Amino acid sequence: MRLLLISDTHLPKRAKALPSPLLDEVPRADVVVHAGDWVDTATLDLLEDRARRLIGVYGNNDGPELRARLPEVAYAELDGVRLGVVHETGPAQGRERRCADRYPDLDVLVFGHSHIPWDSTADERLRLLNPGSPTDRRRQPYCTYMTARVAKGRLTEVELHRLPHRR
């Protein structure tokens, strides 16, 4: 099972549209995961229409329309992997401990908010992944997203993808 992980799209404020290389990945994914800060409902509609399966949450910049359609935290079991999605996890310092304590039954937690890619493991069991942002790199050298595979209860092939700079 192929996963596409994205967060912090902030459309149309940070970009007019999702980057083409990211959109090209949507039909290749069995599951698209969005960790919040969509900002517009059009992006949610687009991904709902194009994705085989979409798991998403709202973020701190998402208004009432998105909050009415999305949960604050989402949970799913994907081929034996217990996945959670949330927008905010707090400061980087102490993140692993906080998340391990708050989500003791998960194998993977996808989060956003910082726009900074993150890949770590808490308590040798909980994989923490932040795909960064495909539209707003902030202090990062590139806009990013992630892909991964799930099979037989394991998450594998986690890859951070850099997007070309916009002109």
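The present account deals with the structure reproduced in this document. Numbering of residues starts from 1 in every chain and runs along the sequence as written. Restriction of local features to residues with pLDDT of at least 70 applies here, the model being predicted, together with a cutoff of 80 or more for giving and counting side-chain atom pairs; totals for whole chains, interfaces and linings are based on all residues. Here the side-chain values reflect all heavy atoms present in the structure, with hydrogen atoms and water set aside.

1. Let's talk about the overall build of the protein chain
No. 1: Note on conventions: DSSP H or I runs of at least 4 residues are helices, E runs of at least 2 residues are strands, and numbering of each starts at the N terminus. A count of helical and extended segments in the protein chain gives 4 helices and 10 strands.
No. 2: Starting at the N terminus, the α and β elements of the protein chain follow one another as β-α-β-α-β-α-β-β-α-β-β-β-β-β.
No. 3: A globule of 167 residues ought to have a C-alpha radius of gyration of about 15 Å, and the protein chain, at 15 Å, matches this closely.
No. 4: Reported as C-alpha extents along the three principal axes, the dimensions of the protein chain are approximately 40 × 35 × 30 Å.
No. 5: Per-residue accessibility, obtained with a 1.4 Å probe over protein chains only, is compared with the maximum for each type, and a residue is labelled buried under 20%, exposed over 50%, and partly exposed between these values. The buried share of the protein chain, taken over its 167 residues, is 51%.
No. 6: A contact between two residues is defined here by any heavy atoms of the two lying within 4.5 Å. Partitioning the intrachain contacts of the protein chain with sequence separation of at least 6 by distance along the chain shows that 54% fall at a separation of at least 24.
No. 7: Accessible surface area values rest on a Shrake-Rupley calculation with a 1.4 Å probe, where residue burial reflects the displayed protein chains alone. Taken as a whole, the protein chain presents about 8,400 Å² of accessible surface, with 45% of it coming from carbon and sulfur.
No. 8: Positive and negative side-chain charges of the protein chain, numbering 26 and 25 respectively, have mean locations separated by a distance of 5 Å. When we talk radius of gyration, it's over C-alpha atoms, and the globule rule is simply 2.2 Å times the number of residues to the 0.38. By the counting scheme adopted, Arg and Lys are positive, Glu and Asp are negative, and His together with the chain ends is not counted. Here the site of a charge means NZ on Lys, CZ on Arg, CG on Asp, or CD on Glu.

2. Quick look at the sheet that holds strand S10 (residues 154–162)
No. 1: Two strands are counted as paired when DSSP detects at least two bridges linking them. Read from one edge of the open sheet, 5 strands run S3-S2-S1-S9-S10, paired in mixed fashion. Each end of this open sheet is capped by a strand with a single partner; those strands are strand S3 (54–56) and S10. On average, each strand axis in the sheet is tilted by 20° relative to the strand beside it, whichever way the strands run.
No. 2: Taken together, the 7 bridges between strand S9 (residues 144–151) and S10 define a ladder with antiparallel strand orientation. The partner of Tyr145 across the bridge, within S10, is His161.
No. 3: Across the sheet, helix H2 (residues 41–50) lies against strand S1 (2–6), strand S2 (31–34) and S3, angled at about 150° from S3, the strand it touches most. The axes are straight lines fitted to the C-alpha atoms, using for helices just the contacting stretch, and the angles between their N-to-C directions are given from 0 to 180°.

3. Overview of the sheet that holds strand S6 (residues 108–110)
No. 1: Taken together, the 5 strands give an open sheet; going across it, the order is S4-S5-S6-S8-S7, and neighbouring strands pair in mixed fashion. Single-partner strands in this sheet number two, and they are strand S4 (73–78) and strand S7 (118–122). Sheet twist, expressed as the average angle between the axes of neighbouring strands with direction ignored, equals 20°.
No. 2: Here S6 pairs with strand S8 (residues 126–130) via 3 bridges, running parallel. Residue Leu109 lies in a different strand from S8, and its bridge partner there is Leu128.
No. 3: Helix-sheet contacts for helix H4 (residues 95–102) involve S4, S6, S7 and S8, and the interaxial angle to S7 is about 60°.

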